[in-house]
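Inside the fold
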Amino acid sequence: MLTPTAEIVGAARAAGRGVGAFNVIQIEHAEAIVAGAERAGLPVVLQISENAVRYHGSLEPLGHATLAVARASSAHVAVHLDHATDVLLVRQAVTLGFGSVMYDASVLSYEDNVKATAAVVRDCHDHGVYVEAELGEVGGKDGVHAPGARTDPAEAAEYVGATGVDALAVAVGTSHAMLTRDATVDFGLVERLAATVPVPLVLHGSSGVSDDDLRRAVTSGMTKVNIATQLNKSFTAAVRSYLDANPSVVDTRKYLGAGRDAVADEVARLLTIVVG
Ligand code: G3H
Ligand code: ZN
C-alpha cells in the first residue's frame with residue numbers, strides 16, 4: 001500500500017532501524033522491489049531519480065506506474081523523487097502524489113544551498129510532502145569513487161534548522177555508482193552526526209558498502225539506505241546469463257523477467273540487512 005515516506009522513515013528512526021530505498025529505472029525495477037519487500041515482510045522506498053526522468057523524457061509515465069505498483073502492494077511502500085535539482089520536477093512529483101522528494105543543492109555554496117532548499121521545503125510542506133536534502137556532496141555520480149567529502153555535524157545541525165528539511169543525506173565516505181563493495185564508511189562520523197542532527201540520516205552510494213558495513217552504518221545511526229547500482233548489477237548479470245544460455249530468444253519478457261527475479265531476490269536480501 002502506498003505509505004507516506006514520513007511514516008516509513010520516521011518509524012524506522014524511532015526504532016533505531018534502517019529502511020532500504022531502491023531506484024526505479026523501468027517498471028520491472030518497481031515490480032521487483034515490491035516483490036522483494038513483500039517477501040521480506042518489510043517496508044521499502046521506491047525512488048525515481050532526475051537522471052531516470054531524463055532517460056525517459058518525463059516523470060509522468062514511470063511516476064504513475066511506480067505509484068500504481070506501490071498502491072497494489074501488500075507491503076508498505078513509499079514513492080520518492082531522488083536527486084532532483086529542478087524545482088519544476090519537484091512540483092510535478094508533488095502533483096503526482098509522491099510522498100517525498102530529495103532536493104539536491106549539494107553542489108551549491110552553503111548559503112545558496114540553504115536558500116534554495118528552504119524555499120523547496122516551504123512549498124513541499126504546504127502540500128504535506130517530506131523533503132530530503134544533501135549537505136557535503138556525496139561524489140561519484142560520474143562513476144569515479146570520490147570518498148573525500150565529509151559532512152560537518154555542527155554545520156549539518158545548523159543546516160537542518162535553517163532549511164526545515166525532514167531528512168538529511170550526508171557524506172561519510174561513500175560514493176555513487178561503485179561496482180565494488182569496498183567503500184570505507186566513517187562510522188565515528190556517522191555516530192557524531194546521529195547525535196547532533198535532529199532528523200533521519202540518509203546514506204547515499206550504498207552499493208559500494210559491504211553487507212557488514214551496511215548493518216554497522218545503521219546501528220551507528222543511518223536510517224534511509226539508498227541503493228541503485230547493486231540492483232543494476234543483479235539485473236544485468238541475470239539478463240546476460242539468460243541471453244548467453246538462450247541465444248535465440250527474442251521475447252523481451254523472458255530475459256527482463258530473469259532480471260526482475262534477480263532484483264527481487266537481492267532486494268529481499270538487502271532489506272533484511274539494512275533493517276539492522
Ligand atoms: O540516490 C541513490 C543512491 O545514492 C544510490 O547510489 O548507485 O551507488 O547505490 P548507488
Ligand atoms: Zn544518491
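Residues numbered from 1 in each chain as written. Chains lettered and ligands numbered in written order. Predicted model: local features only at pLDDT ≥ 70, side-chain atom pairs only at ≥ 80, totals over all residues. Heavy atoms only, no water.

One non-glycine residue, His 83, lies in positive phi territory at about 50°. One can find His 83 in strand β3 (residues 77-84). A positive phi angle, near 60°, is found at Ala 177, a position not held by glycine. Inspection of the secondary structure puts Ala 177 in the loop between β6 (167-170) and α8 (187-196). According to the relative accessible area criterion, Ala 177 is partly exposed, its value standing at 33%. (Helix = DSSP H or I, 4+ residues; strand = E, 2+ residues; numbered from the N terminus. Buried < 20%, exposed > 50% of the residue type's maximum accessible area, 1.4 Å probe, protein only.)

Those residues carrying the UniProt feature "binding site: Zn(2+) 1" (unreviewed entry) are His 83, His 176 and His 204 in this numbering. Spatially, the listed residues are clustered: although they cover 122 residues, their C-alpha atoms lie within 11.7 Å of one another. Along the polypeptide, His 176 turns up in the loop between β6 and α8. Examined against the element boundaries, His 204 turns out to sit in the loop between β7 (201-203) and α9 (211-220). Among all residues touching His 204, those that are not within four sequence positions of it are Asp 82, His 83, Met 102, Glu 132, Val 138, Ala 169, Thr 174, His 176 and Asn 226. (UniProt positions renumbered as here; feature names shortened; annotations may be inferred. Contact = heavy atoms within 4.5 Å.)

This part is about the pairing of β3. Residues in a regular strand project their side chains so that they alternate between the two faces of the sheet. A large share of β3 lies buried, amounting to eight of its eight residues. Pairing between strand β2 (residues 44-49) and β3: six bridges, direction parallel. Its bridge partner being in β3, Ile 48 is matched across the sheet by Leu 81. Relative to strand β4 (residues 100-103), β3 is paired through three bridges, and the arrangement is parallel. Paired with Leu 81 across the bridge in β4 is Val 101. (Pairing = 2+ DSSP bridges.)

The next thing to look at is the packing of helix α2 (residues 27-40) against helix α11 (residues 252-274). Running from amino to carboxyl end, α2 crosses α11 at an angle of 40°, the nearest separation of the two axes being 7 Å. One finds that α2 runs oblique with respect to α11. Both α2 and α11 take part in a crossing whose hand is right-handed. Residue-level contacts link Glu 28, Glu 31, Ala 32, Ile 33, Ala 35, Gly 36, Ala 37, Arg 39 and Ala 40 of α2 to Leu 256, Arg 260, Val 263, Ala 264, Asp 265, Val 267, Ala 268, Leu 271 and Thr 272 of α11. Of the residues that constitute the contact of α2 with α11, the class distribution is 11 nonpolar, two polar and five charged. (Axes fitted to C-alpha atoms, helices over the stretch in contact; angles between N-to-C directions. Parallel < 35°, antiparallel > 145°, perpendicular 65-115°, else oblique. Left-handed = near helix turned anticlockwise from the far one by under 90°. Nonpolar A, V, L, I, M, F, W, Y, C, P; charged D, E, K, R; others polar.)

Glancing now at the pattern of salt bridges. Taken as a whole and assessed by the stated rule, the structure comprises 11 salt bridges. Its salt-bridge partner being Asp 265, residue Arg 39 comes within 2.8 Å of it at the nearest N-O pair. With Arg 39 in helix α2 and Asp 265 in helix α11, the pair connects residues that are 226 residues apart, well separated along the chain. Residue classification places Arg 39 among the exposed positions, given a relative accessible area of 53%. (Salt bridge = Lys/Arg side-chain N within 4 Å of Asp/Glu carboxyl O.)

This next bit is on the site of ligand 1. Within the structure, ligand 1 sits among 15 residues, and Asp 82, Ala 177, Gly 205, Ser 207 and Thr 229 are positioned closest to it. Contacts to ligand 1 include His 176, whose side-chain N or O atom sits 3.1 Å from an oxygen atom. Taking Ala 177, its main chain carries an N or O atom lying 2.8 Å from an oxygen atom of ligand 1. Across the complex, the protein chains shield 96% of the 300 Å² of accessible surface that ligand 1 would expose by itself. Put simply, the parts of the chain that give the shell around ligand 1 at least two residues each are β3 and β8 (222-227). Of the residues that constitute the shell around ligand 1, the class distribution is three nonpolar, 11 polar and one charged. (Near = heavy atom within 4 Å. Polar contact = N/O pair within 3.5 Å; in protein donor to acceptor, adjacent residues only side chain to side chain. Areas by Shrake-Rupley, 256 points an atom, 1.4 Å probe, with all protein chains shown as cover.)

Next up on the list: the side chain of Lys 224. Along the polypeptide, Lys 224 turns up in strand β8. Here Gln 47 takes part through its side chain, which lies 3.1 Å from a polar atom of the side chain of Lys 224. In terms of polar contacts, Lys 224 uses its side chain to reach the side chain of Asn 226, at 3.0 Å. Setting aside residues up to four positions removed in sequence, Lys 224 forms contacts with Val 9, Val 19, Ala 21, Val 45, Gln 47, His 80, Glu 132, Leu 201, Val 202 and Leu 203.

Most of β2 is tucked away: six of the six residues are buried. Residue alternation in β2 divides its side chains into two sets, Val 44, Leu 46 and Ile 48 and Val 45, Gln 47 and Ser 49, and both sets are buried. Taken together, strand β1 (residues 19-23), α2 and β2 form a β-α-β motif whose crossover is right-handed. (Right-handed = clockwise from strand over helix to strand, strands pointing away.)

Inspection of the secondary structure assignment puts Thr 117 in helix α6 (residues 110-126). Side-chain polar atoms of Thr 117 contact the backbone oxygen of Asn 113, separated by 2.8 Å. When near neighbours in sequence (up to four residues on either side) are disregarded, Thr 117 contacts Tyr 103, Ala 105, Ala 133, Tyr 159, Thr 163 and Val 165.

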